[in-house]
Every structure is written in structure tokens, then in C-alpha cells.
Amino acid sequence: MERRVAGDGRVGVRRRPRLGLALLTLAGLLIIWMPLVIYVQEFGQFSLVFGGVVIGGIVLGSAILGWIYPQRVQIFGVIGLIFSILSLMGALGGLVIGMLLGIVGGSLCAAWTPKKGSSEGNPESTG
């Protein structure tokens, strides 16, 4: 938990699902890594490598954007989840480990809801 002072002097707390975003980041790196290894060692088809790198880049990009914009982390989690599943066809799922990490990380990000601040303790502030 880190405290942040806004421009108008309000003190707020920025929260984000760190575990989900870390798993999604690791999944993106694994999904990118696998097609590159195939291409370098086996001289595979470039279309397989290109598709795998693009899918891994989207998973990694959704994780990075989740770190930058915590208020939209549910959307980026769903995007990372969908492309992690698609990575099985395009990048062998990062040895399937990347796909599983992406599914878990994307699910954690999609299910995350921020805690309410001081409005929970004061029932009169709901209006």
C-alpha cells in the first residue's frame, strides 16, 4: 500500500492486485519466450513465431497497463485472460505454464475490487 497526495491536497491510497498482475507479467514473458526459442533452435515458421510474440505482447501489455491504470485493472485482466487461453494455439502456451499463469493472474485481476475508503464506516455518506 502506498500513499499518494493528489494535486488538490487529498491523500489517497492506490491499491492494485499485485499478485494477479505479477502472474500476468510472468505469463506474458513466458508466452513471448517460447516461440523465440523454437525459432532460434529449430528454425520454425515465422508465422508461428510472429503470432506467439503478438499474443505474448498483448498479455504482457495488459499486465503493464494494469500496473499503470489500477482503476481499469478488471478490463486488462479479462484481456490478459482471453489472450492467455489463445496462446495455447499461437505460442504453445509458453510451455503451458505461461497459459496457466495467465489464466490465474487474469482471473485474479478480473475478480479484484478495490476496498471502499471512509464511506463504509459512515452510513450517512451514501447519498
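Residues numbered from 1 in each chain as written. Predicted model: local features only at pLDDT ≥ 70, side-chain atom pairs only at ≥ 80, totals over all residues. Heavy atoms only, no water.

Helices and strands together make up the secondary structure of the protein chain, namely four helices and two strands. Ordering the α and β elements of the protein chain from the N terminus gives β-β-α-α-α-α. Counting every position in the protein chain, which comprises 127 residues, the buried fraction comes to 33%. Taking as baseline every contact in the protein chain between residues at least 6 positions apart, the subset at least 24 positions apart corresponds to 66%. (Helix = DSSP H or I, 4+ residues; strand = E, 2+ residues; numbered from the N terminus. Buried < 20%, exposed > 50% of the residue type's maximum accessible area, 1.4 Å probe, protein only. Contact = heavy atoms within 4.5 Å.)

Between its first and last C-alpha atoms helix H1 (residues 18-42) spans 36 Å; for 25 residues at 1.5 Å apiece the expected length is 36 Å, and the two agree. Here H1 has its buried residues at Gly-20, Leu-21, Leu-23, Leu-24, Thr-25, Ala-27, Gly-28, Ile-31, Ile-32, Met-34, Pro-35 and Ile-38. A positive backbone phi angle near 50° is found at Phe-43, which sits one or two residues after H1. (Expected span 1.5 Å × (residues − 1).)

The subject of this paragraph is unusual backbone geometry. The bulk of non-glycine residues show a negative phi, and the bulk of peptide bonds are trans. For Val-96, which is not glycine, the phi torsion reads 65° and is therefore positive. A residue is classified by how much of its surface remains accessible, and Val-96, at 36% relative accessible area, is partly exposed.

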